[in-house]
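So you can see what is in the structure, the chains are spelled out below.
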Amino acid sequence: MSLPPLVEPAAELTVDEVRRYSRHLIIPDVGMAGQKRLKNAKVLCVGAGGLGSPALMYLAAAGVGTLGVIDFDIVDESNLQRQIIHGQSDVGRLKAESAAATVREINPLVDVVVHNVALTTDNVMEIFSGYDLIVDGTDNFATRYMVNDAAVLLGKPYVWGSIYRFDGQASVFWAEHGPCYRCLYPEPPPPGMVPSCAEGGVLGVLCASIGSIQVNEAIKLLTGIGDPLVGRLMIYDALEMKYRDVKVRKDPECVLCGKNPTVTELLEDYEAFCGVVSDEAAQAVSGSTITAAELKAMQDEGEDIFLIDVREPNEYEIVSIPGATLIPKGEFLNGTALEKLPQDRRIVLHCKSGARSAEALAIVKNAGFTDAVHLGGGVLSWVKTVDPSLPTY
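If you're wondering where the values come from, they're calculated on a predicted model, not measured in any experiment. (Residues numbered from 1 in each chain as written. Predicted model: local features only at pLDDT ≥ 70, side-chain atom pairs only at ≥ 80, totals over all residues. Heavy atoms only, no water.)

S.K.: Which residues make up the sheet that holds strand S11 (residues 325-326), and what values go with them?
M.R.: Strand order in the open sheet formed by five strands is S9-S13-S12-S10-S11, and the pairing between neighbours is parallel. With partners counted over all chains shown, the strands left at the sheet margins are strand S9 (289-290) and S11, one partner each. Bridge count between strand S10 (residues 305-309) and strand S12 (residues 346-350): five bridges; the pairing is parallel. Among the inter-strand pairings, Asp-309 is bridged to a residue of S12, identified as His-350. Across the face of the sheet, helix H16 (residues 355-366) comes into contact with S12 and strand S13 (373-375) while running at roughly 155 degrees to S12. (Pairing = 2+ DSSP bridges. Helix = DSSP H or I, 4+ residues; strand = E, 2+ residues; numbered from the N terminus. Contact = heavy atoms within 4.5 Å. Axes fitted to C-alpha atoms, helices over the stretch in contact; angles between N-to-C directions.)

S.K.: How would you summarise the packing of aromatic side chains if you had to cite specific residues and measurements?
M.R.: The final tally for this structure, using the stated rule, is eight aromatic pairs. Ring geometry for Tyr-236 versus Tyr-243: centroids 4.4 Å apart, planes at 20 degrees, classification stacked. Overall, the relative accessible area of 6% leaves Tyr-236 in the buried class. For Tyr-243, a relative accessible area of 47% puts it in the partly exposed group. In this arrangement the basic side chain of Arg-144 is found over the ring face of Phe-141, its NZ or CZ atom lying 5.2 Å from the centre. In this structure, Lys-352 packs its charged tip against the face of Tyr-393, placed 4.2 Å from the ring centre. (Phe/Tyr/Trp six-rings, centres within 6.5 Å; stacked < 30°, edge-to-face > 60°. Buried < 20%, exposed > 50% of the residue type's maximum accessible area, 1.4 Å probe, protein only. Lys NZ or Arg CZ within 6 Å of the ring centre and 35° of its normal.)

S.K.: Which residues make up the environment of Asp-227, and what are the values?
M.R.: As for its position among the elements, Asp-227 is in the loop between helix H10 (204-223) and strand S7 (232-237). Residues Asp-227 and Ser-2 lie 225 residues apart in sequence; the distance between their C-alpha atoms is 5.0 Å. In this view, Asp-227 contacts Met-1, Lys-220 and Arg-232; residues no more than four positions away in its chain are not counted.

As structure tokens, then:
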């Protein structure tokens, strides 16, 4: 269904703007009026990473007048495989600043607003209120639910995207005209059930595919053309090269946008709502977490430990802690790992950052290995603290 334009048109386009956007202007559906609306639009990109990179670049090229970018992270070399808004010389630089510089290089006519902060419940409403449209490029469930809730409470539409390995999804959530994110996903998945891109990887070019779809939807909403993805979930399989869409209906019982909402303000703690780790894992790691320096001391002193890496084989090939035995987390979940554990040695578990090993630790402790521990911060902590010569990913 077509929707009315999200913004009013600007008063005029300058001669320079007419030259720059001429290929838009000769499209009847866009034309002078549509381009003026883009000039008058204020769009915020949440995240300057894999999805934010192509989104910011194409929004800038399209002539969105005010473009906000919010990101508190810094550019890491592992980002460059997919976050094309950054370059080698930007490593170590704030992502929002790096992204803003690229946007200004693409289109100096765009007013770039930089938010070098983490998006939190304390600032999300104030930041969102200054924009017409939100483009969500986040990669974690806690922020996704917060973005959705803030957008619904403020009555603003937002364009959502998600990527993992070879699969991508995109939709437009606008409670006034259709469902919100909670209508599609009423509850976050159980902790550890859905790996992040940092754990499972993502094909770099997939970011461009989904990010460009997000920009396409943003342009349609801002100018009032076409049939936006409101009430539809677009699913892309890059390996099979297939697109399909699924209808998403507004849930009349939705706790946020339904007939009788029970969520009428932001939650106090979205991390707790989404559960970074399960309650069992949180309880298991309490008093049973060691540092990388402590693990190194155990090894140097010849302590009889059984060091287990619960990551996947392809991760183990990239970098591993000396002496570690690979037993992927899935084997702990299905129980087959337990028969491989020695009864006469202390179990030490680790993963990339600590979340997966925490879940495995809970299983191990429940099996009777009460003195088992895990490495806080995982391989990343080991590389940073003990052996910086090793690669990270």
